[in-house]
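An overview of the molecular structure
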There are 2 protein chains.
Amino acid sequence: MSDSKVYRSTTTAPVNIAVIKYWGKRDTTLNLPTNSSLSVTLSQQSLRTLTTASCADSYSGPDSLILNGEEEDIQSSKRTQACLKNLRQLREEIEAKDASMPKLSKMSLRLVSANNFPTAAGLASSAAGFAALVRSIADLYELPQTPQQLSLIARQGSGSACRSVMGGYVAWRSGTMEDGSDSLAEEVAPVSHWPEMRALILVVSADKKGVPSTAGMQTTVATSSLAPARFKDIVPARMAEIEKAIHDKDFETFARVTMQDSNSFHAICLDSWPPIQYLTDVSRAAINAVETVNRKAGKLVCAYTFDAGPNAVIYYVEEDSHKVAGVFKNHLPNVAGWDSEFGAAIKPNETGGLESKTVMTLKNGVSRVICTAVGGGPEKVDTHLVDESGKAVEV
Amino acid sequence: MSDSKVYRSTTTAPVNIAVIKYWGKRDTTLNLPTNSSLSVTLSQQSLRTLTTASCADSYSGPDSLILNGEEEDIQSSKRTQACLKNLRQLREEIEAKDASMPKLSKMSLRLVSANNFPTAAGLASSAAGFAALVRSIADLYELPQTPQQLSLIARQGSGSACRSVMGGYVAWRSGTMEDGSDSLAEEVAPVSHWPEMRALILVVSADKKGVPSTAGMQTTVATSSLAPARFKDIVPARMAEIEKAIHDKDFETFARVTMQDSNSFHAICLDSWPPIQYLTDVSRAAINAVETVNRKAGKLVCAYTFDAGPNAVIYYVEEDSHKVAGVFKNHLPNVAGWDSEFGAAIKPNETGGLESKTVMTLKNGVSRVICTAVGGGPEKVDTHLVDESGKAVEV
């Protein structure tokens, strides 16, 4: 007798933005990094991936994934296959111990996933994507593994995904083992420790996609003569410094280290051969604006950080919203994105003192903003993207 | 009886553009660098400073300098004073040995200097300026010192000036002595060894002056955690590599090391705190254009390098003029500067294959070009900028 039931589990997972950057792999298959990194998990109200994992005896064909309405080729994705293989093995272990459990590990998986932010925003969605994929399948399989243990699997999908399996302030410990078994995520502090952290993302209309990060990282590892010092000494010192700043809720140290590490990361990109440059004149204008706001405040009230693209992420704490986000809202009132939970209350601040050239560059280059904050980890929800008959729901 | 004669000597001195960059002082008073550097001396037909040094018993008041028609305050310039003091001491030594020599060391100096290129070009003129100042006074004083010995004095005026006392391919040896006595220029190869070297300078209309190099250097030395590896290991290795490339006339190695070292220098600037950024979107477009030209050629036929500003200097050898400079002439036919000795013969090349975005950025951002070549060192000339009565000549 065949089991006609469609098993489903749905999870949302967050985006994270690193303040100590991951750039360089010491093992490209296992996604083992050259250095530890640390990120702030962002609120899922603004940015999240929603993924339903489902399986059924009635599903025919291989595992499949529909992402934002498009069928993805996961058969040829080694990274996705590594995650699925690991999760199935864990399910098989449970099934082997308890013969009454349905043999989900033998069924095809049907995965349906959707982001609540436009792909055009140029935000790396792979971290939230793989965190949601791993978490939803782990829930479907009723796996007993902790988020930290699941981070080992998510890491193989996308390095930074290992930091999206938890909320708050999350470290990815580089580890030293060859098999990667100690290269995992660790909570540095939960959201509740320092919930006032805010992030304003300036989304820059890029003319074209830059160097993909996987290829770029390997170019840096292979060619940058400045990079070894970063991997070996500079990042470990900064990890210790920023973890203490987070524990102490010392925003000034947090801000300085965040900006220095972003600059250091882009420095080793520029030092690569051929050179990799993600920062544009618009990015530089955002840096200039942050410097001006900090100068005017007489202390560091905001910090910029840039990933592998021109978008600026600006961290600040809630009490400085007017001093920081207010200045950007004053100059960019008409771009999309201010009408969010975290953005609506921000009042335009006309006393920012930005140079007119900076303002003009931002006005011409910023296509939207995202107002968000530190947030929690993946959450199980009931809004499934696969219906009870196993059909993908339109999003 | 007073000596009413006006003594005069006039020299021209060249600009040099480093291919291994000087960025960082280990001693700010003596201008001792954190690393050796190497430059190409550029032809004085395009870029030179002309300086007349004169002295007379009849001159009253302190030493003076008129630069491009404007009186400069050299009394409060420690760097200029250090040069003048050193040169006077050497003259005094001669006068002490031979009582028949006129006591020029006791007379006030009247210096008049003019550049043959607009200050607005944003080219560092201090190297040519101090080289001309030192050479003209040394000639006036009939000093027996060699160019290398004079480089010790010019270095105290402006670090990179020590490389402008010689022509061709010039190294500035960092040295190790605390008194700076071994921090001097050395000819790596004369112009005649590799006279085919050409330089195309894309002068970028900068919106504002960036961080001055003296202040920037010290920020980098004090704050960049990536810089020590550059000073200690990376530059020494590159010096050896590029000197061999020059001896072998191996343009491909010369080009790669030149580009890598420019990128490394700008990387440690970005890694400084606060960060220093000289490259703009126009600079990036120039990098992109050079990469495209090289890709099309199937080998490195040109190399970019950037000093403390957005201007691109593009080195290539004469036989590749059409492949390199021709591409830029094709896209920037209307900017000033193509009608020089080295520029007039370049034929526009319509097959460059530059991306339209790159072309547009260059068209909007490049205000003039300078077509030049490797050239000789300072030269004594008879076109004095001070007349026989001691009066400055209008330039």
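Residues numbered from 1 in each chain as written. Chains lettered and ligands numbered in written order. Predicted model: local features only at pLDDT ≥ 70, side-chain atom pairs only at ≥ 80, totals over all residues. Heavy atoms only, no water.

This paragraph deals with the relation of the copies chain B and chain A. When chain B is fitted onto chain A, the two copies agree to an RMSD of 0.0 Å after a turn of 180° and an axial shift of 0.0 Å. Expressed as an axis order, the relation between the two copies is that of a two-fold axis. Nearest to the rotation axis, the C-alpha of B:Ala267 is located 2.1 Å from it, this being the minimum over chain B. (Least-squares fit on C-alpha atoms with pLDDT ≥ 70 in both.)

This paragraph deals with the domain arrangement of chain A. All names here are of chain A. Looking at chain A, the domain boundaries give domain 1 (7-190) and domain 2 (197-373). The C-alpha centroid of domain 2 is placed 26 Å from the C-alpha centroid of domain 1. Each partner contributes to the interface: domain 1 provides 31 residues, whereas domain 2 provides 42 residues. Roughly 3000 Å² of surface becomes buried between domain 1 and domain 2 when both sides are summed, with 69% attributable to carbon and sulfur atoms. Scanning the region where domain 1 abuts domain 2 turns up two salt bridges. Residues Arg173 and Glu243 are paired through a salt bridge, measuring 2.9 Å at the closest nitrogen-oxygen approach. Between domain 1 and domain 2 we count 13 residue pairs in polar contact (both at pLDDT 80 or more) in total. When residues of the side of domain 1 that touches domain 2 are traced back to their parent elements, those giving at least two are strand E2 (16-20), strand E5 (37-41), strand E10 (169-172) and strand E11 (185-189). Partitioned by chemical class, the residues of the side of domain 1 that touches domain 2 number 17 nonpolar, eleven polar and three charged. (Domains from an automatic or database assignment. Contact = heavy atoms within 4.5 Å. Buried area = accessible area lost by both parts, 1.4 Å probe. Salt bridge = Lys/Arg side-chain N within 4 Å of Asp/Glu carboxyl O. Polar contact = N/O pair within 3.5 Å; in protein donor to acceptor, adjacent residues only side chain to side chain. Helix = DSSP H or I, 4+ residues; strand = E, 2+ residues; numbered from the N terminus. Nonpolar A, V, L, I, M, F, W, Y, C, P; charged D, E, K, R; others polar.)

Here the focus is the side chain of B:Thr11. Residue and element names in this part refer to chain B. The residue Thr11 is located in strand E1 (residues 6-14) in this model. Taking relative accessible area as the criterion, Thr11 reaches 0% and is therefore assigned buried. Only 3.5 Å separates the side chain of Thr11 from the side chain of Asp139, close enough to count as a polar contact. What Thr11 contacts, discounting residues up to four positions off in sequence, is Thr49, Leu50, Thr51, Ala132, Arg135, Ser136, Asp139, Pro378, Glu379 and Lys380. (Buried < 20%, exposed > 50% of the residue type's maximum accessible area, 1.4 Å probe, protein only.)

Turning next to helix H5 (residues 227-248) of chain A. All names here are of chain A. A rise of 1.5 Å per residue sets the reference length of H5, with its 22 residues, at 32 Å; its end C-alpha atoms lie 30 Å apart and thus fit the reference within 8%. Those residues of H5 lying buried are Ala227, Arg230, Phe231, Ile234, Val235, Arg238, Met239, Ile242, Glu243, Ala245 and Ile246. If you follow the buried residues of H5, they end up packed against E2, E5, E10, E11, helix H4 (213-223) and helix H6 (251-270). (Expected span 1.5 Å × (residues − 1).)

Residues and elements named next belong to chain A. Spatially, the four strands line up as an open sheet ordered E2-E5-E10-E11, and their pairing is antiparallel. With one partner strand each, in any of the chains shown, E2 and E11 form the two edges of the open sheet. For this sheet, the mean inter-axis angle between neighbouring strands, taken without regard to orientation, is 35°. (Pairing = 2+ DSSP bridges. Axes fitted to C-alpha atoms, helices over the stretch in contact; angles between N-to-C directions.)

Residues and elements named next belong to chain B. Summarising the element assignment, Glu318 is placed in the loop between strand E14 (312-317) and helix H8 (325-331). Setting aside anything within four residues of it in sequence, one finds Glu318 in contact with Glu196 and Arg198. Of note is the side chain of Glu318, whose polar atom sits 3.5 Å from the side chain of Arg198.

Moving on, we come to the state of the cysteines. In this structure the tally under the stated criterion is zero disulfides over all chains. Looking at A:Cys162, it has no disulfide partner, and the nearest cysteine sulfur is the one in A:Cys83, 11 Å off. The exposure class assigned to A:Cys162 is buried, which follows from its relative accessible area of 0%. Free of any disulfide, A:Cys269 has its nearest cysteine sulfur in B:Cys269, 16 Å distant. (Disulfide = S-S within 2.5 Å.)

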